[in-house]
Amino acid sequence: MENDEKPERRAPRAVRLNHRQVRVLAHPLRLRLVGALRVKGPATATTLAELLGTNTGATSYHLRQLAEVGLVVEDPDLGTGRQRWWRAAHDVTNWEPTDFDDDPDARAAIEWIQGDQVRLLVEHAERWFAAQHEWSPAWRDAFGMGDIFMTVPPARLEALKAELWQLLERYRNEADPAEPDAERVQIFLAAYPLFQEMR
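Sequence positions are assigned chain by chain, starting from 1 and proceeding in written order. In view of the model being predicted, local features appear only for residues whose pLDDT reaches at least 70, and side-chain atom pairs are presented and counted only at 80 or more, with totals across whole chains, interfaces and linings using the full set of residues. Excluded from the side-chain calculations are hydrogens and water; all other atoms, namely the structure's heavy atoms, are used.

1. Details of the sheet that holds strand 2 (residues 43-44)
Heads up, the rule is: DSSP-based pairing: two strands are paired if at least 2 bridges between them are found. Strands here are runs of E lasting at least two residues and helices are runs of H or I lasting at least four, both read from the DSSP assignment and numbered beginning at the N terminus.
In space, the three strands of this open sheet follow the order 2-4-3, with antiparallel pairing throughout. Edge strands, defined here as strands with exactly one partner in the open sheet, are strand 2 and strand 3 (72-74). Examined bridge by bridge, strand 2 and strand 4 (residues 85-88) share two bridges and lie antiparallel to one another. Within strand 4, the residue paired with Thr44 across the bridge is Trp85.

See the structure below:
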């Protein structure tokens, strides 16, 4: 391969959450474990415990719970002796809220996960506000968020979301981590109703 060629990238592994998986995933440490394995790559329970500020026993227990429903798997190529390495089984988690309308427990679990996503966004934003002065002007201008108002039917909003995801995936697939000044970033996509008092 010549130097100017990019290595071939595999398509992201995706999972459409089932009722059992969503009930297991609706736990603060389990969500953080899956996220850490997706971002950092394979790790041991000890490494994850240090990263997430918890103890190895709890981390091991919750990794086994996630493994039972296929959200994480052991990585036998990295394991040595008693040391078990874990990796995320998927890169992307998909679901629609209506997937769980027939199961009150699963519906409550997905609502908790959605709330945790919002808490994560707030936490990220607050950490950014506290540290933004340490970043270059170019990054301070590039980061941030905005909003827009529109009036559309649900099918049109679904089409918009699908098109935005395609654009985000294209940018992700074309990204070159070796590019000067490249950083890993997290992009949230959200769409919510404008409530009656603001209409």
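2. Thoughts on the nonpolar core
The cut-off we apply is this: Residues belong to a common nonpolar core when they are buried Ala, Val, Leu, Ile, Met, Phe, Trp, Tyr or Cys residues joined through side-chain atoms within 4.5 Å. Each residue is placed in one exposure class: buried if its accessible area under a 1.4 Å probe, protein chains only, is under 20% of its type's maximum, exposed if it is over 50%, and partly exposed if it falls in between. The contact definition used throughout considers only heavy atoms, calling two residues in contact when any of these lie within 4.5 Å.
Counting residues in hydrophobic clusters, the biggest one holds 28 residues, and the most contacted among them are Leu17, Val22, Leu25, Leu37, Leu63 and Leu66. Every element with two or more residues in this core is listed here: helix 1 (19-25), helix 2 (28-40), helix 3 (45-52), helix 4 (56-68), strand 4 and helix 5 (104-131). Top contributing element to this core by residue count: helix 2, with six residues. Discounting chain neighbours no more than four positions away, the residues touching Leu25 are Leu17, Arg30, Leu31, Val34, Leu66, Leu71 and Ile113.

3. Considerations on the packing of helix 2 against helix 3
Where we set the bar: To define axes, lines are fitted to C-alpha atoms, for helices over the stretch in contact only, and angles between the resulting N-to-C directions are given on a 0 to 180 degree scale. Angle categories: roughly parallel below 35 degrees, roughly antiparallel above 145, roughly perpendicular from 65 to 115, and oblique for all the rest. Gly is put with the polar residues, along with every residue not named as nonpolar or charged; the nonpolar set is Ala, Val, Leu, Ile, Met, Phe, Trp, Tyr, Cys and Pro, and the charged set is Asp, Glu, Lys and Arg.
Where helix 2 contacts helix 3, the two axes come as close as 11 Å, and the packing angle between them is 105 degrees. With respect to their mutual orientation, helix 2 and helix 3 come out roughly perpendicular. Taken together, the residues of helix 3 that come into contact with helix 2 (itself represented by Leu29, Arg32, Leu33, Ala36, Leu37 and Lys40) are Leu48, Leu51 and Leu52. Classifying every residue of the contact of helix 2 with helix 3 gives seven nonpolar, no polar and two charged.

4. Overview of helix 3
Put simply, the rule is: Directions are taken from the helix axis to each C-beta atom, and the arc is the one they span.
The set of residues buried in helix 3 consists of Ala45, Leu48, Ala49 and Leu52. Projected down its long axis, helix 3 carries its buried residues within an arc of 105 degrees, all on one side. Elements in contact with the buried residues of helix 3: helix 2, strand 2, helix 4 and strand 4. After helix 3 finishes, the residue Gly53 shows a positive phi value of roughly 70 degrees.

5. So, helix 2
This is how the line gets drawn: In this scheme, a helix's expected span is set at 1.5 Å multiplied by one less than its residue total.
Taking 1.5 Å of rise per residue, the 13 residues of helix 2 would be expected to cover 18 Å, and the 18 Å separating its terminal C-alpha atoms lies within 8% of that figure. Buried within helix 2 we find Leu29, Arg30, Leu31, Leu33, Val34, Ala36 and Leu37. With its phi angle positive at about 95 degrees, Gly41 sits one or two positions after the end of helix 2.

6. Notes on the side chain of His62
Note the cut-off: As used in this structure description, the phrase polar contact means that two N or O atoms lie within 3.5 Å; if the pair is within protein, one of them must be able to donate a hydrogen and the other to accept it, and residues adjacent in sequence are counted only when both atoms belong to side chains.
By the element assignment, His62 lies in helix 4. Within the structure, the side chain of His62 is placed 2.8 Å from the side chain of Arg30, a separation counted as a polar contact. Apart from residues lying up to four places away in sequence, His62 is in contact with His27, Leu29, Arg30 and Leu33.

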